[in-house]
Structure formats: structure tokens, C-alpha cells
Amino acid sequence: LVVGDGTNDWSAITCSSDGKRLAAAAYGGNIWLSDSGGGLWTEVVLGSGKEKWYDVTMSAGGTTLAATVDNGDVWWSATSGTTWAADTSVGATQRWRGIAMSSDGAKSVATAYTGNIWRSGEDSMLASLSAADPVPFKTSTLAALAVGAAGVGLAARVASKRRGKPEIEARPLQPEA
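It should be emphasised that the depicted structure is a prediction, and the values quoted were computed from it without experimental measurement.

Calculation rules
Residues numbered from 1 in each chain as written. Predicted model: local features only at pLDDT ≥ 70, side-chain atom pairs only at ≥ 80, totals over all residues. Heavy atoms only, no water. pLDDT = per-residue confidence, 0-100. Helix = DSSP H or I, 4+ residues; strand = E, 2+ residues; numbered from the N terminus. Contact = heavy atoms within 4.5 Å. Phe/Tyr/Trp six-rings, centres within 6.5 Å; stacked < 30°, edge-to-face > 60°. Buried < 20%, exposed > 50% of the residue type's maximum accessible area, 1.4 Å probe, protein only. Pairing = 2+ DSSP bridges. Core = buried A, V, L, I, M, F, W, Y, C linked by side-chain atoms within 4.5 Å.

(A) Representation of the confidence of the model for the protein chain in the model. Looking at the protein chain, pLDDT values average 76 and 66% of them are 70 or higher. Strand 12 (residues 130-131) is the least confidently modelled element of the protein chain, averaging 48 in pLDDT, while strand 3 (residues 31-34) averages 96, the highest of any element. Every residue in residues 123-128 is under pLDDT 50, and counting partners more than four places away or in other chains gives 19 contacts. Here residues 131-142 scores under 50 on pLDDT; set against residues more than four positions off or in separate chains, the count is 43 contacts.

(B) Broad picture of the packing of aromatic side chains. In the structure shown here, the tally under the stated rule is two aromatic pairs. With 6.4 Å between their ring centres and 75° between their planes, Trp10 and Trp32 make a pair best called edge-to-face. Taken together, the positions of Trp10 in strand 1 (residues 10-15) and Trp32 in strand 3 put the pair 22 residues apart, joining distant regions of the chain. On the basis of relative accessibility, which here comes to 9%, the residue Trp32 falls in the buried class.

(C) Region of interest: the pairing of strand 1. Examined bridge by bridge, strand 1 and strand 2 (residues 22-29) share five bridges and lie antiparallel to one another. From the neighbouring strand, Thr14 faces strand 2, where its bridge partner is Ala23. Linking strand 1 back to strand 2 in an antiparallel pair, the connection comprises six residues, with Gly19 at a positive phi of about 80°.

(D) Representation of the nonpolar core. Counting 15 residues, the largest nonpolar core has Ile31, Leu46, Trp53 and Trp84 as its most contacted members. Listing elements by their share of this core, those giving two or more residues are strand 2, strand 3, strand 5 (51-58) and strand 6 (65-72). Contact partners of Leu46, with chain neighbours within four places excluded, come to Asn30, Ile31, Glu51, Trp53, Trp75 and Trp84. Formed by 10 residues, the second largest nonpolar core is a distinct cluster that contains Trp76, Ile99, Met101 and Trp118.

Now the structure itself:
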């Protein structure tokens, strides 16, 4: 199956729990959505139309989506991808990497190339991201994330600078004060 013109540099893909809704991100391109399990795709042009999309995630039902842009913003949709908004609340653009969310879409975490982990506010995808304190990982190269269904567990694939090879770490997310 060819999506688009066949020249996209795919960086990430995610799907709803039933596998019917899919979202794919193209580095240097756009977000693509499918409501047919991948049979038919629709291109969603956001920002410049040539964003460096790094990761994309969605809630179990496929209604809430989030995507990260390298040297850009985190983008959110609470309308199954119909409308999107860039979260610019963290100030200057970040070199965003992985993003993951709870099954209900109410909680999310994102990583930046700097090694920081950011998390969304309680019960609102458009809440300002805030630096997780303390940052539960010891390296500066966080690559992939997973969040538990209730949004209280976190696992990340990290590239250890000391050992030079990826390792998996898991930590509980601390509740916000």
C-alpha cells in the first residue's frame, strides 16, 4: 500500500485500540489519518506543511491525538484529527522526540532531545506542558515512550552515553502537586 505519492519519510505511526483509526507522521511532510484501518488515508497539512514530525500518539478511542515536531511544537487534537492546535506554552521551540498518552487521552508525556520529560496537566490535552520534577531518567537521549493506560506508569527507551547501547527504564510518574 502506497500512502501519498510514495516519497514520504515516515517517522511514526499509531492506532486506536480497535485498529480502525490510524495516524502516521512524515518527517519533512505532514500527518496522515485513516478511519479504515489503513485502507484510505487523508493528508492533514499543519504548520508549514513540511514539518519535521518526529512522533505521533493517540488515545485508545482515537479521538485525542498528539504529535511532536523536531525544532517545533507539540500539536494536539481532541477532535479525531479534524482540528489541531500547537502548544507553544513551553516557550521557545524544542527538539521534541517521543510522545505517549494514557488510553483515555487525559495524560501525556513528551521528551525533548535535551533529556527533559514534559507532561500535560490533569484532564486537559491543551494544558501547558510542565517539566516533570524530578526527571526520572539519568541520560540525555530519550527516544521512545510508553504510558500506562491510567497515565501513572512510564517506560522509556534511552541511549546511555556511558554504555553506548539502548536500555529500557521504567519509573512511576509522580502525581502533580
